[in-house]
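Coordinates in review
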Amino acid sequence: MKFPLWILGALILLINSSVSAAKLTYADYADLPEKSMVVISPSGTKMAYRQIIDGRDILVVRDIKHSSIIRLLSVEEVNPDNMYFIDDNRLILVASKNSRLFGFRGRHDISVAYSFNLDNGKIHQVMTAGHGIYRGQTSLGRIVGISSDHKHAYMPAWQSESTYSLLKVNLTKRRKPKVHKKGTSDTVDYFVGNNGKLLARERYNNDTNIHTLEAWQDDSWVSIFKDEAEVQRVSFVGVTPDREKLVMIRQDATHGRWAYYTIALKDGVISKPLFSREDKDVENVLTDINRVVYGVRYSGFKPSYEFFDTKLNARIRGINAALPNSALTIYDYTPDWSSIVLHSDGDGNSGQFIRYHKSKLDLLAHARPKITSEQVNRVQEISYKARDGLAIPTLLTVPNNTPLVNLPAIVMPHGGPEAYDKISFDWLAQYFSGQGYLVIQPQFRGSKGFGNDHLLKGRGEWGRKMQDDLTDAVNFLAEEGKVDAKRVCIVGVSYGGYAALAGAAFTPDVYKCVVSINGVSDIPRMLKDDRRRYGRNHWVVSYWGRVISNGKLEKNHLKRISPINAIDNINAPVLLIHGEHDLIVPFNQSDNMFDEMEDAGKQVTFVELEDGNHHLSNAENRAKALEAIDKFVKQHL
């Protein structure tokens with residue numbers, strides 16, 4: 001039985017924030033968080049979050065002081081990925097959906113923004129393809145500025161196939177957008193000041209590889225930055241509070257780390273690095289709804305922050321000191337930073353939203369109330385030396401109440417590959433550890449977040465040294481007596497899925513079983529599909545060429561490092577899982593691998609996820625995938 005929204009409101013208020021510990025099943029780990037996307041209004045008096053209750057996907061808006069519900073909205077059709085307040089009475093919801101575009105081939109991930117009025121409970125899509133803009137575009141959810149009266153948003157969009165313009169869009173009702181400034185075919189971003197005043201636009205030409213920044217001066221565009229690169233080396237991410245400079249992130253020449261700079265709109269003068277550390281990269285910046293930058297977040301297993309405001313730096317240090325064992329991520333904040341919403345991971349919790357307010361911390365919500373602190377397995381950091389001496393930072397998820405001695409293990413390489421794992425409630429790692437397996441997450445060479453040298457050492461090393469780093473993790477932990485080398489399985493998603501298949505094909509004696517989720521099996525085919533999708537000169541194609549082959553390897557290298565061409569070497573049973581609507585790694589990567597393995601008489605199982613995407617964001621598909629993994633791993637390990 002499903003309850004109507006007015007009854008759900010009463011249920012939400014009655015639900016206790018904690019539950020008694022019950023034995024967990026794979027379905028408990030596969031469930032999406034019960035509460036997510038917690039945000040706070042500018043005044044700090046209201047909060048909004050997404051909640052799954054009685055099978056319904058509900059947006060809840062509450063009065064914090066009185067703990068009363070202001071609005072409930074069913075978001076099952078909208079399915080937002082992100083949301084934020086623009087004032088105390090209006091929320092913006094940003095959502096993406098996979099669908100077809102009339103008149104265009106294939107399926108596409110389409111992002112859109114919705115405006116939700118808390119006064120009257122009405123919601124509308126703020127910009128719609130074909131309604132005053134080009135019908136064939138997929139990105140309709142990005143807002144770069146808000147008018148001072150909060151009634152309009154400034155949003156970039158394609159007017160035609162060759163014109164990417166900045167539009168002024170009504171947030172109070174559905175209206176045809178107005179052109180704020182006409183663009184060009186190679187424009188990629190706009191920056192605005194108070195009330196939509198033009199500041200700058202960013203351009204990148206995929207044919208010439210020219211990256212430029214132009215400032216709006218005396219009613220014309222003036223170039224203040226120019227760079228030629230197959231893949232952009234600089235990222236423009238926000239504006240300074242005085243609106244006289246843009247904020248950019250690029251590598252610091254001194255130590256190769258990503259650092260924060262400013263570039264003056266008047267003359268293009270670039271500052272010295274303002275936030276630059278030898279041990280951490282600047283990962284992103286923290287901004288307001290008009291992209292004014294407050295500070296930065298640094299890379300690391302646990303997030304760390306630095307701000308322009310020294311008092312804010314002290315406040316964050318105090319919060320970290322109060323919760324020393326937690327990995328704290330800043331989720332939202334009021335404009336004056338008097339209230340801050342943080343997400344807490346680690347320290348034996350399955351995800352909590354915490355509010356800092358008036359020098360105090362209080363709990364706003366449990367993300368996964370079914371999973372108690374006693375059921376969260378501990379995560380610890382280690383480092384080991386690869387065979388060439390390179391230090392590999394690593395996370396271990398260790399089963400509770402179990403000695404770290406001779407354990408069966410799951411090697412779980414991350415995706416990207418230029419990404420990295422963090423201390424968090426990783427639902428897949430926690431599931432495996434809950435079954436008694438030690439989960440090993442090596443930050444192999446080519447991973448981000450550990451310096452440019454560590455990143456670049458992965459270039460051209462797919463299936464080679466990047467794979468050796470995984471093998472060396474198993475050998476190191478086996479020599480330490482922590483892992484039973486005869487009982488090791490490898491499980492990965494995306495690039496991690498490639499690494500799992502490469503482990504089966506190129507190191508067949510290391511792994512007893514293999515799980516590839518949305519993984520790459522045939523690199524030449526993947527690059528061919530990307531060239532067809534983006535065009536031969538697109539930066540995405542250049543990026544993959546640089547990361548995978550480094551532009552210097554022999555002609556048949558890509559075929560040799562493709563697991564689909566080494567099926568004869570595979571001894572271990574393989575489970576393939578793939579979403580049929582995956583637009584990052586095409587479905588044919590697993591489909592073709594399955595056919596080839598089946599023809600070769602290998603042990604292979606294929607689970608197709610209907611309507612599944614690359615990120616397993618659908619709860620039913622995640623449960624289906626984990627049920628198959630649960631059965632497969634227990635059978636073979």
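As the structure is a computational prediction, the values presented were derived from the model and not from experiment. Residue positions within a chain follow its written sequence, with the count starting from 1. Owing to the predicted nature of the model, reporting of local features is limited to residues with pLDDT of at least 70; listing and counting of side-chain atom pairs is limited to 80 or more, with chain, interface and lining totals taken over all residues. The side-chain numbers reported here are obtained from all heavy atoms of the structure, hydrogens and water having been left aside.

1. Notes on the overall build of the chain
Test applied: Strands here are runs of E lasting at least two residues and helices are runs of H or I lasting at least four, both read from the DSSP assignment and numbered beginning at the N terminus. When we talk radius of gyration, it's over C-alpha atoms, and the globule rule is simply 2.2 Å times the number of residues to the 0.38. Burial classification: accessible surface area is computed with a 1.4 Å probe over protein chains only, and a residue below 20% of its type maximum counts as buried, one above 50% as exposed, and the rest as partly exposed. Residue contacts are defined here by distance: any two heavy atoms, one from each residue, within 4.5 Å place the two residues in contact. Neither His nor the chain termini are counted; the positive set is Lys and Arg, and the negative set is Asp and Glu. Think of each charge as sitting on NZ of Lys, CZ of Arg, CG of Asp or CD of Glu.
The helix and strand inventory of the chain stands at twelve helices and 35 strands. Here the C-alpha atoms of the chain give a radius of gyration of 25 Å, agreeing with the 26 Å that 2.2 N^0.38 yields for 637 residues. Residues counted as buried form 56% of the 637 residues belonging to the chain. A separation of at least 24 residues holds for 55% of the contacts in the chain among residues at least 6 apart in sequence. Computed over 80 positive and 74 negative side-chain charges, the inter-centroid distance for the chain is 4 Å.

2. Quick look at the sheet that holds strand β3 (residues 56–63)
Hydrogen bonds between backbone groups are what pair the strands of a sheet, and the pairing can be parallel or antiparallel. Applicable threshold: Only strands that DSSP links by at least two bridges are regarded as paired with each other. Axis definition: a line fitted to C-alpha atoms, over the contacting stretch in the case of helices. Angles run 0 to 180 degrees between N-to-C directions.
Taken together, the four strands give an open sheet; going across it, the order is β1-β2-β3-β4, and neighbouring strands pair in antiparallel fashion. A single partner strand is all that each edge strand has here, and the edge strands are β1 (35–40) and β4 (68–74). With direction set aside, neighbouring strand axes in the sheet form an average angle of 20°. By the bridge criterion, four bridges tie β1 to strand β2 (residues 46–53) in an arrangement that is antiparallel. For Ile 40, the partnering residue across the bridge sits in β2 and is Met 47.

3. Section: the side chain of Asp 63
Formally: For this analysis, a salt bridge means a side-chain nitrogen from Lys or Arg found within 4 Å of a carboxyl oxygen belonging to Asp or Glu. Side-chain atoms alone can form a polar contact between residues adjacent in sequence; in general such a contact is a pair of N or O atoms within 3.5 Å, and within protein one must be able to donate a hydrogen while the other accepts it.
Position of Asp 63 relative to the elements: it lies in strand β3. Lys 46 provides the closest opposite charge to the buried, unpaired Asp 63, separated from it by 7.3 Å. In this structure the side chain of Asp 63 is engaged in a polar contact, spanning 2.8 Å, whose partner is the backbone nitrogen of His 66. Leaving out residues up to four positions away in the same chain, Asp 63 has contacts with Thr 45, Ser 68 and Ile 70.

4. Structural notes on the pairing of strand β26 (residues 349–357)
Counting buried positions over the nine residues of β26 gives eight, a clear majority of the element. Joining the antiparallel neighbours strand β25 (residues 339–346) and β26 is a turn of two residues, in which Asp 347 adopts a positive phi near 55°. In terms of strand pairing, β26 meets strand β27 (residues 360–366) through six bridges, oriented antiparallel. Along β27, the bridge assignment pairs His 357 with Lys 360.

5. With respect to the packing of helix α6 (residues 465–479) against helix α7 (residues 495–506)
Going by this rule: Orientation is classified from the angle alone, with under 35 degrees giving roughly parallel, over 145 giving roughly antiparallel, 65 to 115 giving roughly perpendicular, and any other angle giving oblique. Under the scheme applied, nonpolar residues are Ala, Val, Leu, Ile, Met, Phe, Trp, Tyr, Cys and Pro; charged residues are Asp, Glu, Lys and Arg; polar residues are all the others, including Gly.
Axis separation between α6 and α7 bottoms out at 10 Å; the angle between their running directions is 75°. Considering the angle they form, α6 stands roughly perpendicular to α7. Residues Met 466, Gln 467 and Leu 470 of α6 form the contact with α7, whose participating residues are Tyr 495, Ala 499, Ala 502 and Gly 503. Taken together, the residues that form the contact of α6 with α7 break down as five nonpolar, two polar and no charged.

6. Overview of the sheet that holds strand β18 (residues 235–239)
Taken in spatial order, the three strands of this open sheet run β18-β19-β20, and their pairing is antiparallel. Looking at strand neighbours, the two that pair on one side only are β18 and β20 (258–264), the edges of this open sheet. The sheet shows a mean angle of 30° between the axes of neighbouring strands, taken without regard to direction. Inspection of the sheet shows strand β19 (residues 245–251) paired to β20 by seven bridges, in the antiparallel sense. The residue bridging Lys 245 from the neighbouring strand is Ala 264, located in β20.

7. Remarks on the pattern of salt bridges
Inspection of the entire model under this criterion finds 23 salt bridges. Glu 283 is the partner of Arg 297 in a salt bridge, and the nearest nitrogen-oxygen pair spans 3.2 Å. Note that Arg 297 is positioned in strand β22 (residues 293–298) and Glu 283 in strand β21 (residues 282–287), a separation of 14 residues in sequence. Assessed through its relative accessible area of 24%, Glu 283 is described here as partly exposed. The closest approach of N and O atoms between Lys 422 and Glu 283, which form a salt bridge, is 3.2 Å. On the criterion of sequence distance, the pair formed by Lys 422 in the loop between β30 (407–411) and α4 (427–434) and Glu 283 in strand β21 is long-range, its members being 139 residues apart. Through salt bridges with shared partners, a single network forms among Asp 186, Arg 201, Arg 203 and Glu 214.

8. Examining the confidence of the model for the chain
Basically, it comes down to this: Each residue carries a pLDDT score, the predictor's confidence in it, ranging from 0 to 100.
Across the chain, pLDDT averages 88, with 90% of residues at or above 70. The secondary structure element of the chain with the lowest average pLDDT is helix α1 (residues 5–14), at 46, and the one with the highest is strand β31 (residues 438–442), at 98. Of the regions scoring below 50 in pLDDT, residues 5–19 engages in 31 contacts with residues more than four places distant in sequence or in other chains.

9. Things to note about the side chain of Asp 28
Following the sequence through the fold, Asp 28 ends up in helix α2 (residues 26–30). In this structure the side chain of Asp 28 is engaged in a polar contact, spanning 2.9 Å, whose partner is the backbone nitrogen of Thr 25. Contacts of Asp 28, omitting those with residues within four sequence positions, involve Lys 23, Lys 370 and Ile 371.

10. Regarding α4
One turn of the α-helix equals 3.6 residues, which is why residues spaced by three or four share an orientation. With respect to burial, α4 is a largely interior element, seven of its eight residues being buried. For α4, every residue scored as buried is listed here: Trp 427, Leu 428, Ala 429, Gln 430, Tyr 431, Phe 432 and Ser 433. Structurally, the start of α4 carries an N-cap: the backbone nitrogen of Leu 428 is 3.1 Å from a side-chain oxygen of Asp 426.

11. Topic: the packing of aromatic side chains
Put simply, the rule is: Classification of ring pairs uses Phe, Tyr and Trp, with its six-membered ring standing for Trp, and accepts pairs whose centres are within 6.5 Å; under 30 degrees between planes counts as stacked, over 60 as edge-to-face, and the remaining range as tilted. Charge over a ring is defined by NZ of Lys or CZ of Arg lying within 6 Å of the ring centre and within 35 degrees of the ring normal.
Counted under the stated rule, the structure contains 24 aromatic pairs. Measuring from ring centre to ring centre gives 5.3 Å for Phe 275 and Phe 308, while their planes differ by 55°; the resulting arrangement is tilted. Here Phe 275 is found in the loop between β20 and β21, whereas its partner Phe 308 is found in the loop between β23 (304–307) and α3 (310–322), with 33 residues between them in sequence. Ring geometry for Tyr 495 versus Tyr 498: centroids 5.5 Å apart, planes at 40°, classification tilted. Pair noted here: Tyr 495 and Tyr 498 are both in helix α7, with a separation of three residues, about one helical turn. Each member of the pair Tyr 495 and Tyr 498 is classed as buried. An aromatic cluster of at least three residues, connected via ring pairs, comprises Tyr 294, Tyr 305, Phe 307, Tyr 333 and Trp 337. The lysine or arginine in question, Arg 250, covers the ring of Tyr 261, its NZ or CZ lying 4.7 Å from the ring centre. When the ring centre of Tyr 298 is taken as reference, the NZ or CZ atom of Arg 277 above it lies at 4.9 Å.

12. Details of the nonpolar core
Short version of the rule: Grouping buried Ala, Val, Leu, Ile, Met, Phe, Trp, Tyr and Cys residues that are joined through side-chain atoms within 4.5 Å yields what is termed a nonpolar core.
Core analysis: the largest hydrophobic core is formed by 55 residues, its most contacted members being Leu 438, Ile 440, Tyr 511, Val 514 and Ile 523. Examining the composition of this core, we find that eight residues originate from one element, α7, more than from any other. In contact with Ile 440, other than residues within four places in its own chain, are Thr 394, Leu 395, Leu 396, Ala 409, Ile 410, Val 411, Met 412, Ala 473, Leu 477 and Val 483. Core analysis: the second largest hydrophobic core is formed by 35 residues, Val 61, Val 94, Val 112 and Val 126 among them.

13. With respect to the packing of α4 against helix α12 (residues 619–636)
How two helices pack is summed up by the angle between their axes together with the distance between the axes. Here is the rule we go by: Should the near helix be turned counterclockwise from the far one by less than a right angle, the crossing is left-handed, whereas a clockwise turn marks it as right-handed.
At a closest axis distance of 12 Å, the pairing of α4 and α12 adopts a crossing angle of 35°. Here the hand of the crossing between α4 and α12 comes out right-handed. In this structure, α4 contributes Trp 427, Leu 428, Tyr 431 and Phe 432 to the contact, and α12 contributes Arg 622, Leu 626, Ile 629, Asp 630, Val 633 and Lys 634.

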